[in-house]
Amino acid sequence: MDNFNSKMDKKINDFVLKNHLTPDENKFSAITDGLVNPKTYFASKYKILWILKEPYDEIEISEEGGIPCGGGWSAAGNLANYDKISENYANKTYNRIANTTYCILNNLKRFESKISEEDAYKMFLSIGIMNVSKMPNLTLSDNSYIQKQYEIWKPILLEQIQLYNPDILIFGNTFSCFRKDIFTNEEISKQQVIDQRAFLRNKKLYLNWYHPCYFAMSDSDYINPLLDDINSNLL
């Protein structure tokens, strides 16, 4: 599985060039994503795929304001780098991803306390992480922009989901982008009638939830509803 991610990385970078998604290859290129450690992911009790909005990197200041730049690295590779564990675990998004994943894979009913950096690193190795857009951007993009990016990146995104074959898909405020390509019109109509977070379909659990860095929720308020949904549908 050594070249598992490298094949997808190449597809992503080829897609960027083919669709002219970078104005300046010297300053702005894709941040690829995927399985942090394919062997560990496929051996996990549950294959968990986190689907987020977009990556961030450097910002160039100009008269017009901040301009995103950078890229040319892998979000999955970053999480696989043990030397960066302290930096990654200090990141609110990755911190919640690690603690949520730990609770899921250890059959915990409730989140009680944060795990160690060592355990967090093990959790990173067990997941897949995927952004709707693979291009670095500023830190706040509205949903309409993310939807447009989804339409651009849809062929790659759907191929990634099929390739990774997750048991649990956790959408960090991205579910609305994918809904019409995963569910039938009848299923969507039913979903819109009730306030529902979890959808079990073909033995896969789709979780429509907030982005992990959502500041208005405590860790418990973020993690425990997901555990409730998983315990109700899979355990």
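Just above, that's the structure.
The text that follows walks through the structure, step by step, so that each part is easy to find. (Residues numbered from 1 in each chain as written. Predicted model: local features only at pLDDT ≥ 70, side-chain atom pairs only at ≥ 80, totals over all residues. Heavy atoms only, no water.)

Here the focus is the side chain of Asn231. Relative to the helices and strands, Asn231 resides in helix α10 (residues 219-233). Non-local contacts of Asn231, meaning those with residues more than four positions away in its chain, are made with Leu108 and Lys109. (Helix = DSSP H or I, 4+ residues; strand = E, 2+ residues; numbered from the N terminus. Contact = heavy atoms within 4.5 Å.)

A separate point is the pairing of strand β7 (residues 198-201). Within a regular strand, side chains alternate between the sheet's two faces. In the sheet, β7 pairs with strand β8 (residues 204-209) via four bridges, with the strands oriented antiparallel. Across the sheet, residue Arg201 finds its bridge partner in β8, namely Lys204. In textbook terms, the turn of a hairpin is the stretch between consecutive antiparallel strands, and for β7 and β8 this stretch comprises two residues, one of which, Asn202, has a positive phi near 50°. (Pairing = 2+ DSSP bridges.)

All right, on to the pattern of salt bridges then. Applying the stated rule across the entire model yields 14 salt bridges. Across the pair Glu159 and Lys11 runs a salt bridge whose closest N-O atoms are separated by 2.2 Å. A residue pair is termed long-range when its members are at least 10 positions apart, and Glu159 in helix α7 (residues 143-164) and Lys11 in helix α1 (residues 4-18) qualify at 148 residues. As a salt-bridge pair, Lys180 and Glu151 come within 3.5 Å of each other at their nearest N and O atoms. Residue Lys180 is found in helix α8 (residues 175-182), and its partner Glu151 is found in helix α7; the two are separated by 29 residues along the sequence. For Lys180, a relative accessible area of 46% puts it in the partly exposed group. Glu151 gets classed as partly exposed once you look at its relative accessible area, which sits at 37%. Through salt bridges that share partners, Glu151, Lys154, Lys180 and Asp181 make up one connected network. (Salt bridge = Lys/Arg side-chain N within 4 Å of Asp/Glu carboxyl O. Buried < 20%, exposed > 50% of the residue type's maximum accessible area, 1.4 Å probe, protein only.)

Moving on, we come to α7. In this model, α7 (22 residues) spans only 25 Å end to end at C-alpha, well below the 32 Å of a helix rising 1.5 Å per residue. Along its length, α7 reaches its greatest deviation from straightness, about 75°, at Trp153, and the proline Pro155 lies no more than four positions downstream. Within α7, burial applies to Ile146, Gln149, Tyr150, Trp153, Ile156, Leu157, Gln160, Ile161 and Tyr164. (Expected span 1.5 Å × (residues − 1). Bend = angle between axes of the 7 residues up to and from the residue.)

Looking at the largest pocket, its volume works out to about 740 Å³. Elements represented by at least two residues in the lining of the largest pocket include exactly α3 (75-80), α4 (85-90), α5 (92-105) and β5 (127-131). Looking at the lining of the largest pocket residue by residue, the class counts come to twelve nonpolar, nine polar and four charged. (1 Å grid on protein atoms, 1.4 Å probe; cavity = no way out; pocket = protein on both sides within 12 Å on 5 of 7 lines; lining within 4 Å. Points joined across faces, edges and corners; volume = space filled by probe spheres on them. Nonpolar A, V, L, I, M, F, W, Y, C, P; charged D, E, K, R; others polar.)

Here we come to the sheet that holds β8. With mixed pairing, six strands are arranged side by side in an open sheet as β1-β5-β2-β6-β8-β7. Each edge of the open sheet carries a strand with a single partner, namely β1 (34-35) and β7. Judged from the two bridges that link them, β1 and β5 form a sheet pairing that is antiparallel. Directly across from Leu35, in β5, lies its bridge partner Gly128.

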